[in-house]
There are 2 protein chains.
Amino acid sequence: MNIGEAAKASGVSAKMIRYYESIGLIPAAGRTGSGYRVYTTTEVQLLRFIRRSRNLGFPVDRIEELLALWRDRGRHSADVKRLAMEQIDGLERKVQEMQGMIDTLRQLADACCGDDRPDCPILADLGQGDVSVRTEIRQRLSSAR
Amino acid sequence: MNIGEAAKASGVSAKMIRYYESIGLIPAAGRTGSGYRVYTTTEVQLLRFIRRSRNLGFPVDRIEELLALWRDRGRHSADVKRLAMEQIDGLERKVQEMQGMIDTLRQLADACCGDDRPDCPILADLGQGDVSVRTEIRQRLSSAR
DNA sequence: TCTTGACCTTCCTATCATGGGAAGCCTTAT
DNA sequence: ATAAGGCTTCCCATGATAGGAAGGTCAAGA
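So, how was this worked out
Residues numbered from 1 in each chain as written. Chains lettered and ligands numbered in written order. Predicted model: local features only at pLDDT ≥ 70, side-chain atom pairs only at ≥ 80, totals over all residues. Helix = DSSP H or I, 4+ residues; strand = E, 2+ residues; numbered from the N terminus. Contact = placed C-beta atoms within 7 Å. Expected span 1.5 Å × (residues − 1). Buried ≥ 20, exposed ≤ 12 C-beta atoms within 10 Å, placed from the backbone. Arc of directions from axis to C-beta. Nonpolar A, V, L, I, M, F, W, Y, C, P; charged D, E, K, R; others polar. Near = placed C-beta within 6 Å. Least-squares fit on C-alpha atoms with pLDDT ≥ 70 in both. Axes fitted to C-alpha atoms, helices over the stretch in contact; angles between N-to-C directions. Parallel < 35°, antiparallel > 145°, perpendicular 65-115°, else oblique. Left-handed = near helix turned anticlockwise from the far one by under 90°.

Draft legend 1. Molecular detail of the environment of M101 of chain B. When you line up the elements, M101 of chain B lands in helix α5 (residues 77-111). Discounting residues that sit within four places of it in the chain, M101 of chain B has contacts with L56, G57 and L91 of chain A.

Draft legend 2. How the structure looks around helix α4 (residues 60-71) of chain B. For α4 of chain B, built from 12 residues, the straight-helix expectation of 16 Å at 1.5 Å per residue is met to within 8% by its first-to-last C-alpha distance of 16 Å. By the burial criterion, the buried members of α4 of chain B are I63, L66, L69 and W70 of chain B. Angular distribution of buried residues about the axis of α4 of chain B spans 120°; they occupy a single face of the element. Seen from the open side of α4 of chain B, the exposed residues pointing more than 90 degrees away from its buried face are D61, A68 and R71 of chain B. Contacts from the buried residues of α4 of chain B go to α6 (121-126) of chain A together with α3 (41-55) and α5 of chain B.

Draft legend 3. Geometry of the interface of chain B and chain A. Each partner contributes to the interface: chain B provides 48 residues, whereas chain A provides 48 residues. Of all elements in the fold, only α3, α4, α5 and α6 (121-126) of chain B reach the threshold of two or more residues within the side of chain B that touches chain A. Taken together, the residues that form the side of chain B that touches chain A break down as 26 nonpolar, 11 polar and 11 charged.

Draft legend 4. Inspection of the protein's contact with DNA strand D at higher detail. Close contacts around DNA strand D come from 18 residues, with S34, P59 and V60 of chain A together with G4 and R37 of chain B the closest. At the level of elements, α2 (14-22) of chain A together with α1 (3-10) and α2 (14-22) of chain B are the ones that each hand at least two residues to the surface near DNA strand D.

Draft legend 5. How the structure looks around the relation of the copies chain B and chain A. Once chain B is rotated about the relating axis by 180° and shifted along it by 0.0 Å, it coincides with chain A to within an RMSD of 0.1 Å. A rotation of that kind, with that shift, is consistent with a two-fold axis. Within chain B, V95 of chain B has its C-alpha nearest the rotation axis, a separation of 2.8 Å. Take the interface residues of chain B: 100% of them recur as interface residues in chain A, which is what a same-surface contact looks like.

Draft legend 6. Structural view of the protein's contact with DNA strand C. Taken together, 18 residues surround DNA strand C, and among them G4 and R37 of chain A together with S34, P59 and V60 of chain B come closest. If you list the elements that add at least two residues to the surface near DNA strand C, you get α1 (3-10) and α2 of chain A together with α2 of chain B. Residues that form the surface near DNA strand C fall into these classes: 7 nonpolar, 6 polar and 5 charged.

Draft legend 7. Representation of α1 of chain A. Listing the buried residues of α1 of chain A in full gives A6, A7 and S10 of chain A. Along the axis of α1 of chain A, the buried positions cluster into a sector of 105°, meaning they face one direction only.

Draft legend 8. View of the packing of α3 of chain B against α4 of chain B. Residue and element names in this part refer to chain B. Two elements in contact, α3 and α4, have axes separated by 10 Å at closest approach and are oriented at 135°. Between α3 and α4, the crossing angle belongs to the class labelled oblique. The chirality of how α3 crosses α4 is right-handed. Between α3 and α4, the residues in contact are F49, I50 and S53 and I63, L66, L67 and W70, respectively.

Draft legend 9. Just the packing of helix α4 (residues 60-71) of chain A against helix α5 (residues 77-111) of chain A, in detail. Residues and elements named next belong to chain A. Their axes nearest at 10 Å, the elements α4 and α5 cross at an angle of 160°. Between α4 and α5, the interaxial angle falls into the category roughly antiparallel. Crossing handedness for the pair α4 and α5: left-handed. Here α4 contributes R62, E65, L66 and L69 to the contact with α5, which in turn contributes D79, V80, L83 and Q87. Classifying every residue of the contact of α4 with α5 by side-chain character gives 4 nonpolar, 1 polar and 3 charged.

Draft legend 10. Representation of the environment of E65 of chain B within the structure. Residues and elements named next belong to chain B. Examined against the element boundaries, E65 turns out to sit in helix α4. In this structure E65 comes out as partly exposed when scored by C-beta crowding, with 14 C-beta atoms within 10 Å. In sequence terms E65 and L83 are 18 residues apart; their C-alpha atoms lie 8.4 Å from each other.

Read these as spatial facts, not as claims about activity.
Pasting the structure below:
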């Protein structure tokens, strides 16, 4: 199997396969006499493992750890689970951060009538003093009550 | 005000101020005779606007549009609102994507007992065939019912 | 056998926003 | 005068991915 076929079979682009090889995530593939990379089904399976891990948001250095555990028959499933839980935590932190942005933006957008007049609480908010956007909104909301 | 003071006053690092200048997001600052950048309170306000927009996740090219509207006294607030709504949409798409990862990971982690034995449904799932992780889980769940 | 098109190779570039660091100049306080 | 600390520019790195150029290779059809 050459790199294009391995790419199709694994769902990892040829570019990325070469990249993973260059950073040592996967071992260097065999070569034909003319220099083409050659892949076996075992290596395609490895690539699929990587693709799936990437789909779950694992960064490459975590995938390295996952692979080490995958290959280790004496692994403790606790170690795998820990990696998964850490990944969940990291994703949740990012989600919360973005959710905060969304909440703020929604409040600002709700306050903006969105017509052809120039008055806009969104710009007013972005353009003003020291207070952070979110604190500012909290203050405005509580003083409105 | 030199760049360090402007950085403290705006919450934007000196590095980033120079960067924003280099990409044309902000006009080139004035200079002292010896070449130091000089900032006025107006420019610090501009930097604050940028910092706040960044805190809401706007990419630099969107901030350029926001700034153009900020400066335009004849703007339509609808245009500002549209930018905000697009930003909300983009953030929500990312949140949903990550939420999908979290859901999958949680199901896998729940199925892993996390002890010192090597058997691990997480690795089993990552290491297996063609089916996508999420489809796979859906199938496993429905066949378990 | 020759040609052609599709594939492979390496190497360079870019993304996006940010930080680190080096070498050298400037300013300010002692 | 000297030392510390801030400023300048320039280069490099991040993380994962894609684009592209220049050149070699393979396979199918004329």
